[in-house]
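Observations on the model geometry
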Amino acid sequence: MHILGIETSCDETAAAVVRNGGEVRANVISSQITTHAAYGGVVPELAAREHLKAMPIVAAAALRESGLGMAGLSAIAVTNHPGLVPALLVGVSFAKGLARRLNLPLIGINHTLAHVYGAFLDQTARLEQPATYPILALAVSGGHTLLLLITAEGRARVLGSTIDDAAGEAFDKGAKILSLGYPGGPVIDRLAKTGDPKAVAFPRGLLPRSGHPVDPENRLNFSFSGLKTALLYHVKGRTLEGQELADVVASYQAAIVDTLVAKTVLAVRDSGARTAVLCGGVACNSALREAARLAAARAGFDLVVAPPKYCTDNAAMIAGMAWHALRRGQVSGPDLHVAARLPADLGRVPFAPGAG
Ligand code: KG4
Ligand code: ZN
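Reference entry: report on the structure contained in this document. Everything quoted here is computed from the prediction, not taken from an experiment.

1. Remarks on the overall build of the protein chain
A count of helical and extended segments in the protein chain gives twelve helices and ten strands. The C-alpha atoms of the protein chain give a radius of gyration of 20 Å, which matches the 21 Å a tight globule of 356 residues would have. Counting only C-alpha atoms and orienting by the principal axes, one finds that the protein chain spans roughly 60 × 45 × 30 Å. Taken over 356 residues, the protein chain has a buried fraction of 53%.

2. Here we look at the site of ligand 1
The environment of ligand 1 is formed by 19 residues, the closest being Gly142, Asp172, Asp189, Gly281 and Asn285. Asp172 has a polar side-chain atom sitting 2.7 Å from an oxygen atom of ligand 1. Here Asp189 contributes a side-chain N or O atom positioned 2.9 Å from a nitrogen atom of ligand 1. Taking 550 Å² as the accessible area of ligand 1 by itself, protein coverage stands at 90%. Of all the secondary structure elements, the ones that give two or more residues to the shell around ligand 1 are α4 (111-118), α6 (167-177) and α7 (184-192). Ranked by residue count, the leading element in the shell around ligand 1 is α7, at four residues.

3. Some thoughts on the side chain of His111
Its place among the elements puts His111 in helix α4. Using a relative accessible area of 4% as the deciding quantity, one classes His111 as buried. Apart from residues lying up to four places away in sequence, His111 is in contact with Glu7, Ser9, Thr79, His81, Pro82, Asp313 and Met317.

4. Brief notes about the coordination of the zinc ion (ligand 2)
Taken together, His111 (NE2), His115 (NE2) and Asp313 (OD) make up the protein donors of the zinc ion (ligand 2), found 2.1 to 2.2 Å from the metal. Taken together, the four donor atoms coordinating the zinc ion (ligand 2) span angles of 89 to 156° at the metal, a pattern that classifies the geometry as irregular. Along the chain, the residues donating to the zinc ion (ligand 2) fall in the pattern H-x3-H-x197-D. With His115 in helix α4 and Asp313 in the loop between α11 (308-311) and α12 (316-327), this residue pair connects regions lying 198 residues apart in the sequence. Since its relative accessible area comes to 1%, His115 is described here as buried.

5. Thoughts on unusual backbone geometry
With an omega dihedral of -20°, the bond running from His81 to Pro82 counts as a cis peptide bond. Relative to the elements of secondary structure, Pro82 occurs in the loop between β4 (73-81) and α3 (85-102). Residues Tyr182 and Pro183 are joined by a peptide bond in cis, for which omega reads -5°. Looking at the element boundaries, Pro183 is found in the loop between α6 and α7.

6. Points about the sheet that holds strand β5 (residues 106-110)
As summarised here, the arrangement of the five strands in space is β3-β2-β1-β4-β5, forming an open sheet in which the pairing is mixed. The open sheet is flanked by β3 (23-31) and β5, the only strands paired with a single partner. On average, each strand axis in the sheet is inclined to that of its neighbour by 20°, with strand direction left out of account. Pairing between strand β1 (residues 2-7) and strand β2 (residues 12-19): six bridges, direction antiparallel. Looking across to β2, one finds that His2 is bridged to Arg19.

7. Points about the environment of Gly142
Locating Gly142 in the fold gives a position in the loop between β6 (135-140) and β7 (145-150). For the pair formed by Gly142 and Gly280, sequence separation is 138 residues and the distance between their alpha carbons is 8.5 Å. If near-sequence neighbours (up to four positions away) are discounted, Gly142 is found in contact with Ala166, Gly168 and Glu169.

8. Some thoughts on the pairing of strand β10 (residues 302-305)
Here strand β9 (residues 275-279) runs beside β10; their pairing, made up of four bridges, is parallel. Residue Leu278 lies in a different strand from β10, and its bridge partner there is Val305. In this fold, β9 hands off to helix α10 (residues 286-299), which returns the chain to β10; that crossover is right-handed.

Parameters at a glance
Residues numbered from 1 in each chain as written. Chains lettered and ligands numbered in written order. Predicted model: local features only at pLDDT ≥ 70, side-chain atom pairs only at ≥ 80, totals over all residues. Heavy atoms only, no water. Helix = DSSP H or I, 4+ residues; strand = E, 2+ residues; numbered from the N terminus. Rg over C-alpha atoms; globule rule 2.2 N^0.38 Å. Buried < 20%, exposed > 50% of the residue type's maximum accessible area, 1.4 Å probe, protein only. Near = heavy atom within 4 Å. Polar contact = N/O pair within 3.5 Å; in protein donor to acceptor, adjacent residues only side chain to side chain. Areas by Shrake-Rupley, 256 points an atom, 1.4 Å probe, with all protein chains shown as cover. Contact = heavy atoms within 4.5 Å. Donors = N, O, S within 2.8 Å, 3.2 Å for Na, K, Ca; no water. Tetrahedral: all angles 85-135°; square planar, octahedral: opposite > 155°, others 65-115°. Pairing = 2+ DSSP bridges. Axes fitted to C-alpha atoms, helices over the stretch in contact; angles between N-to-C directions. Right-handed = clockwise from strand over helix to strand, strands pointing away.

What follows is the structure, encoded as structure tokens:
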């Protein structure tokens, strides 16, 4: 069964064709990074306009690349939440029109849960094994920083999230302060390799320090706004260069990575998770990938790190996850809505062994 997936929740227009949940036949992504770079962040109305232009071209390219005609498709899947509403509406309207024209089922997909699924796209058999569960996922992107727990029965809930900036925002805003351009994550990742991560002692938000225990209600929450302010004070309007810049960047990145990894280990311990998953755009970060691998080896849990091509937004994760929903008859109607936020109750994920 081949499913066409559509993704327009942020600044990537993406379409993919995936067979039976894991065989990626086409994965086309058109990025708007250059459009938004001048603003230092994604502008929702601009994103929607760019999606409108790119959507039909990207979808046609995915179909062509897959070698299938429209007649070879079994369903249309689309991200309908969470995300930027004007951007989501473009993908959802396109998917609705196509599903109606081809008389195919339409499947609305939760973008965040699809990021978790994307980590397994190259090894979907693991998702069929009860021993993989519970899964604790750290989903880190420009829009959110979440610790999610998924049980073998398919129940998903949020254990922790950021109380201010998302991890990706911390990278992007840090890069803006240091005049490194947008998006900040990749450039900070690269520069940090030549710096000393211990050069500056930046704060680790909501992590216990000696004499400063963390408020229990924030045990699994994140905060990055204090770190951003500390960077601002450290720089004090100067333009850093050379080794000093690399050292500051490496130290700033280390504060984010340390916090993400420490909270993930805590959440694994608290929840008794068997597998931890690292996914979302920030999961591309090489220092985070390395630190998470070391922590998993030390603490003795399995770690699945999403392949970089499935970390950032893509439609293969949407089309892949949708196959499980289709198998279980979880299809959407023509009134499929869009929503900016992740609901408090994540409901059931379709890909766990007991989810049906
Ligand atoms: O998941 P994603 O593509 O889009 C959203 O849903 O937000 O994530 C984009 C975010 C941006 O904030 C970007 O700076 C960050 O992921 N990012 C990285 C790296 N590559 C992308 N952050 C740290 N290190 C990277 N190598
Ligand atoms: Zn995303």
